[in-house]
Amino acid sequence: MLVLCITTVKASMTTDSRLATLPPLFAELQKILLGDISCAQDDLTTWSVDQSEITVKPRAVVFPKSVRDIKHVLAFAKEHGMPISVSGNNQGTGGGALSSGIVICMHRYLNSVSSVDIHNHTVTAEAGALVEHIRERLHGWGMDIPVFTNKEHTCTIGGAVSTNISTAATATHGDVGSWVKSITVLLDNGEEHHIADGIAPSGRLLEIYMSLFPLLQHHTKAIQKFQEEHIDTTSGFNVWNQAIGSRQLMDIFIGSEGTLGILTSITLRTSPRKPMSISCAAYIDANTIEAATKLYKQHHTDELFLVDTSLVSYADPTTVTALAPIMEEKEANRYILVGTQIGTNEHTIKLLQKELVHSLREHTILSHPCTELELHSLSRVASHARDILALYGQNYLTPIMTYESCTIPEERISAYIQSIETYFKAEGIIGSIQGYPGSGHVSVIFLHDRQGDATGVKLHTIQDYIHSCITQHKGSVTGGNGDGVTRTDYAKLHFSQPLQTLFGELRRICDPHALFAPAKKGYSTSTAKYQLRTH
């Protein structure tokens, strides 16, 4: 009895200490949550930015410990008219996880790998689980999800699926969404639904289902016309699958960036792990990127990514030292195309690399077999391009990520990159070009002088030019990391008015109170209204 009393007093003291730091409005919400709410300035500052160039300060940050916590937050947000965004690990590049209301952070508590089914070759995890932890668990059972590479290890699975990210392995293994077997989603009214083949929708999900298909049928011609004229895109909503059933419902939630509901758990397909790998770096420029990419793909390359070597000298000293041998051989070439072949037999993958090197040499493309350290260092330069540019720009220049991971048709990548290079050189713009050319994903990041361009006129001129290049080369603004806030206005320009109307209606069906990140995918909010980050 005494122990019970002591435990109760301690719990009461802990609760009181949490409530004391909160404004009265959020203190009332904290009383019914298992998880934590923070209105501390340090936390609000941390969650007011992601990897994009903008900042949006929330009123509160919530770290739920259960789905019931999220339901309480939804009801609270609806009552008080506060928008909600869901954040994984703050890795977004389009401001999609930012909110002027409440940011729900999934990674602190809702991060478990729930089950590994070795018989049905699936893994189920909570939305806040890191990709790294999921893969580590799978490797213990001799399985993997090959669309993921080490570069995605800091992403949460919920973030990866909700933005349908592209990876270095997308060209070989498809997009992340194609590996999703089922999802569990929390809808606007607090109902939680499991969406999978063979499960009939019910309740609120059935209402959405019954409203959705007449809407899609009404816009069939606009959907088909877009598919005929444009490259695959993750912009807008995935309404391109015209089949009726649970898979289409799932496809619409995948890549919706938390604007239709909140993903709480995901089940993905797995495949046998291939533990052997070997990597090769090819020295290229914009003219030879298409030829080199084709050769890599012809020789069964599993992972392929592009590195802009202009960034290497600004990287950390350890990376610069590790890449010294590679940089000595690059001659006048600006880019390095890095390919990794993966298999179960060391002799086989070495033979594949030998054939690849021979083919590259026949096309007068120099190459360099990579050590594990060199591969890690090249990957680090590519995945930390924003941070490297930010370090170079110090406190005066801001890295702009609006055109990170756009999609360009493979046969037009060389011309697209040349257009950007020419424009940047003529305008004296410092920038970098990275990406995954095997699947047509190209990222353009550049530095903006926010003090010399306080009104943003120069910034929007640059953004407009890059967008015109994407349009000219039949590309898409969004290819792999979601529209977010910063890409939404440009992404909309690729869609006809009927499709924009369709997207808006879809959002209103699923989110009539405009709770879920209203600045993204349908509700027009100009990025010019957002403040550029200063840190």
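Residues numbered from 1 in each chain as written. Predicted model: local features only at pLDDT ≥ 70, side-chain atom pairs only at ≥ 80, totals over all residues. Heavy atoms only, no water.

Draft legend 1. Looking closely at the layout of surface pockets. In this structure, the second largest pocket occupies an estimated 550 Å³ of space. The wall of the second largest pocket is formed by 28 residues, among which Asn-164, Asp-175, Asp-232, Thr-233 and Thr-234 lie closest to the centre. The set of elements that each furnish at least two residues to the lining of the second largest pocket consists of helix 9 (220-229) and helix 10 (246-253). (1 Å grid on protein atoms, 1.4 Å probe; cavity = no way out; pocket = protein on both sides within 12 Å on 5 of 7 lines; lining within 4 Å. Points joined across faces, edges and corners; volume = space filled by probe spheres on them. Helix = DSSP H or I, 4+ residues; strand = E, 2+ residues; numbered from the N terminus.)

Draft legend 2. Layout of the environment of His-441. Position of His-441 relative to the elements: it lies in strand 19 (residues 441-449). On the accessibility criterion, His-441 (8% relative accessible area) is buried. Placed 37 residues apart in sequence, His-441 and Thr-478 show a C-alpha to C-alpha distance of 9.0 Å. At a separation of 2.6 Å, a polar atom in the side chain of His-441 contacts the side chain of Ser-439. (Buried < 20%, exposed > 50% of the residue type's maximum accessible area, 1.4 Å probe, protein only. Polar contact = N/O pair within 3.5 Å; in protein donor to acceptor, adjacent residues only side chain to side chain.)

Draft legend 3. Representation of the packing of aromatic side chains within the structure. Counting across every chain of the model gives 12 aromatic pairs. Taking 4.9 Å as the distance between ring centres and 10 degrees as the angle between the ring planes, the aromatic pair formed by Phe-226 and Trp-240 counts as stacked. Of this pair, Phe-226 sits in helix 9 while Trp-240 is found in the loop between helix 9 and helix 10, placing the two residues 14 residues apart along the sequence. Residues Phe-226 and Trp-240 agree in their burial class; the two are buried. Summarising the aromatic geometry, the rings of Tyr-423 and Phe-424 are spaced 6.3 Å apart at their centres and angled 50 degrees between planes, so their arrangement reads as tilted. When its relative accessible area of 7% is taken as the criterion, Phe-424 is described as buried. (Phe/Tyr/Trp six-rings, centres within 6.5 Å; stacked < 30°, edge-to-face > 60°.)

Draft legend 4. Highlighting the sheet that holds strand 5 (residues 102-105). Pairing in this open sheet of 4 strands is mixed, and the strands run 1-3-5-4 from one edge to the other. Here the strands that pair on one side only, and so sit at the sheet edges, are strand 1 (36-38) and strand 4 (84-87). Direction aside, the axes of adjacent strands within the sheet are offset by 25 degrees on average. Bridge count between strand 3 (residues 60-63) and strand 5: 3 bridges; the pairing is parallel. Along strand 5, the bridge assignment pairs Ala-60 with Ile-102. Sheet strands in contact with helix 4 (residues 67-80) are strand 3, strand 4 and strand 5, and its direction is about 170 degrees off that of strand 5. (Pairing = 2+ DSSP bridges. Axes fitted to C-alpha atoms, helices over the stretch in contact; angles between N-to-C directions. Contact = heavy atoms within 4.5 Å.)

Draft legend 5. Quick peek at empty space enclosed by the protein. Counted by the stated rule, this structure contains 2 cavities of 30 Å³ or more. Its boundaries defined by the atoms lining it, the largest cavity holds a volume of some 40 Å³. Taken together, Phe-226, His-230, Ile-231, Thr-233, Ser-235, Gly-475, Ser-476, His-494 and Phe-495 make up the lining of the largest cavity. Considering only enclosed or pocket space, the second largest cavity measures out at about 30 Å³ in volume. Taken together, Ile-84, Ser-85, Val-86, Glu-257, Gly-258, Phe-516 and Ala-517 make up the full set of residues lining the second largest cavity.

Draft legend 6. Seen up close, the nonpolar core. Core analysis: the biggest nonpolar cluster contains 79 residues, and Ile-102, Ile-134, Ile-145, Phe-148, Ile-157, Val-239 and Ile-266 have the highest contact counts within it. If one sorts the elements of this core by residue count, helix 8 (residues 203-218) sits on top with 7 residues. Each residue touching Val-239, except ones within four places of it in the same chain, is listed here: Leu-216, Ile-223, Leu-502, Phe-503 and Leu-506. (Core = buried A, V, L, I, M, F, W, Y, C linked by side-chain atoms within 4.5 Å.)

Draft legend 7. Region of the structure containing the side chain of Arg-204. The residue Arg-204 is located in helix 8 in this model. The residues contacting Arg-204, other than those within four sequence positions of it, are Leu-187, Asp-188, Asn-189, Glu-191, His-193, Ile-509, Cys-510 and Pro-512.

Draft legend 8. Highlighting a nonpolar patch on the surface. Judged by side-chain polarity, Tyr-314, Tyr-392 and Ile-430 come together as a nonpolar surface patch covering roughly 250 Å² of accessible area. Among the secondary structure elements, Ile-430 is positioned in the loop between helix 17 (413-427) and strand 18 (431-436). (Patch = residues over 30% accessible without salt bridge, like charges linked within 9 Å, V, L, I, M, F, W, Y side chains within 5 Å. Areas by Shrake-Rupley, 256 points an atom, 1.4 Å probe, with all protein chains shown as cover. Salt bridge = Lys/Arg side-chain N within 4 Å of Asp/Glu carboxyl O.)

Draft legend 9. Summary view of the state of the cysteines. Tallied over the entire structure, the rule returns 0 disulfides. Considering cysteine sulfurs only, Cys-105 is the nearest to Cys-39, which forms no disulfide, with 12 Å between them. Of all cysteine sulfurs in the structure, the one in Cys-105 sits closest to Cys-155, which takes part in no disulfide; the separation is 15 Å. Of the residues examined, Cys-155 reaches a relative accessible area of 18% and is grouped as buried. (Disulfide = S-S within 2.5 Å.)

Draft legend 10. Focus on the sheet that holds strand 9 (residues 180-186). Pairing is antiparallel across the open sheet formed by 5 strands, whose spatial order is 6-7-11-9-10. Of all strands in the sheet, those bounded by a partner on one side alone are strand 6 (113-117) and strand 10 (192-195). Going from strand to strand, the sheet's axes swing by 10 degrees on average, the running direction of each strand aside.

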